[in-house]
Amino acid sequence: MSNPDHPPAVGVLDQGPELIFPPGFLWGAATAAYQIEGAATEGGRTPSIWDTFSHTEGRVVAGHTGDVACDHYHRMPSDVRLMAELGLKSYRFSVSWPRVQPGGSGPANAEGLDFYRRLADELLGHGIEPWLTLYHWDLPQPLEDAGGWPARDTAGRFADYAELVADALGDRVRYWTTLNEPWCSAFLGYGSGVHAPGRSDGADAVRAGHHLMLGHGLAVQALRASRPHAQLGITVNLYPVTPASDAPADVDAARRIDALANRFFLDPVLRGSYPTDLAADLREVTDFGHVRDGDLAVISTPLDLVGVNYYSRHVVAAPVEGAEPEPYWRAPSCWPGSEDVRFVTRGVPVTDMDWEIDAPGLTETLRRVHDEYTDLPLYVTENGSAFVDAVIDGQVDDVDRLAYFDAHLRAAHEAINAGVPLRGYFAWSLMDNFEWAWGYTKRFGMVWIDYDSQARIPKSSARWYAEVIRRNGLAAQ
Ligand code: FCB
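So, here is what we can say about the structure in this document.

Calculation notes
Residues numbered from 1 in each chain as written. Predicted model: local features only at pLDDT ≥ 70, side-chain atom pairs only at ≥ 80, totals over all residues. Heavy atoms only, no water. Pairing = 2+ DSSP bridges. Helix = DSSP H or I, 4+ residues; strand = E, 2+ residues; numbered from the N terminus. Axes fitted to C-alpha atoms, helices over the stretch in contact; angles between N-to-C directions. Contact = heavy atoms within 4.5 Å. Core = buried A, V, L, I, M, F, W, Y, C linked by side-chain atoms within 4.5 Å. Buried < 20%, exposed > 50% of the residue type's maximum accessible area, 1.4 Å probe, protein only.

All right, on to the sheet that holds strand E3 (residues 90-94) then. One closed barrel accounts for 8 strands, arranged E2-E3-E4-E5-E6-E8-E11-E12; its pairing is parallel. With direction set aside, neighbouring strand axes in the sheet form an average angle of 25°. Pairing analysis gives 4 bridges linking strand E8 (residues 305-309) to strand E11 (residues 378-382), with the strands arranged parallel. Looking at E11, one finds that Val308 is bridged to Val380. Where helix H5 (residues 110-125) meets the sheet, it contacts E3 and strand E4 (129-135), and its direction lies at approximately 170° from that of E3. In the packing of helix H10 (residues 248-271) onto the sheet, contacts are made with strand E6 (231-237) and E8, and the angle to E6 comes to roughly 160°.

Below you can see the structure in the form of structure tokens.
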């Protein structure tokens, strides 16, 4: 923003030669429907698994729900103006499936589609490229009642929904990603149960992962048929997985977690096969009998781009006798077949989520996808950090978040220098929002949300990011 009363918080851009990104680099910020929209029962929207989950006692911290969230559904035009003030080139949002196709099957809900049409038009009117994610975790509840993602039929329902959205928005939206982070949907939703729908069964998690990818492939085929010029992709959350030592048992632990976290999705989507070691690791959990002939060909339908969400690194080791299982994403139930692997904390700085800050891991991740999997353009579709913020004299000086972005953008730039075709970067998140099982207790936004008044306050990181976008680069260190 160019307001002279609010110069960038730190002077990093004023020192030395700049680190310039390629021309046309797509600078953006991301959000997701359930995390910001609110208006949970308005305009014909029906419940998703996250409505049910958040309204179930004990599932979300402090009983928070997405009923109101950031009230973005009602404040969309002014939120888009804010994006324009920040100079965003693109905005990544997700469509709420139960808003546009209540119940998850049957005809479209015109009022729901109209919201996203207006959003796309507002964005385009401000020169901001809309980037649409079809599924950011809000499965319509009736589809969960019919079996959810562990049921094969859900993949077909997803393709129908994709077609319906393509018909309505394909004239306005060029960039489409099918799924956001299928690992989370499958392993947090059906494995550990810390996310909706809160089920806990290793075989179901593996089946869910497969059917999510099958839905992705079918949706890509439907979108391609309907919108041949659209840019189509998927967003996966990837982690470098490092063994705690060179000991063979630690190296094997890292191999197992890498298979479940990364290769479970990268291999089918980009190579058309499951890793053989994964099937061996999971032999006690599932015989992969849910995989039918032809599925992997559908799953590996060619794409135009790959979206990578990056937050941290996993460091793992072989089990030790009597070790306590760790909470949350380290919960053994997230890692079927590898339940006794130990997640090691290194004592490096962490965010408010307790996620270790590891910027070089972003370079490593992007290089790996490019070197081992694909020449397709890559986009960082999410990267960011939660920290405890405070409003002081009407300002939020989020130096830690700003430093996190700065370090990760340098890491992204390094990947580009190494030959990775990285074409864009989306900060997570545009604004503070409903952080799933953590409710509103974790703030990831570049814009502060006052949940009582719904006031928006751009934090220091937002002003700094606006300057990065304006210069298309950072100062060299
Ligand atoms: C990712 C999710 C996103 C947000 C960030 C912090 O896993 O895609 O919705 O919760 O983490």
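This is not the end of the story, as more comes after the structure.
Another point: the sheet that holds strand E9 (residues 314-317). With mixed pairing, 3 strands are arranged side by side in an open sheet as E7-E9-E10. Each having just a single partner strand, strand E7 (241-243) and strand E10 (342-343) make up the two edges of the open sheet. Summarising the sheet, E9 and E10 pair through 2 bridges and their orientation is antiparallel. Following the sheet pairing, Val316 is matched in E10 by Phe343.

Here we come to the nonpolar core. Membership of the largest hydrophobic core comes to 134 residues, with the highest contact counts inside it found for Trp50, Tyr135, Val165, Trp176 and Tyr465. When residues of this core are assigned to their parent elements, the largest contribution, 10 residues, is made by H10. When neighbours within four sequence positions are excluded, Tyr465 is seen to be in contact with Trp27, Gly28, Leu88, Leu409, Tyr425, Ala427 and Met446. Grouped together as the second largest cluster of nonpolar side chains are 16 residues, Leu305, Trp355, Phe387 and Tyr404 included.

Take it as geometry only, folks, not as evidence of what the structure does.
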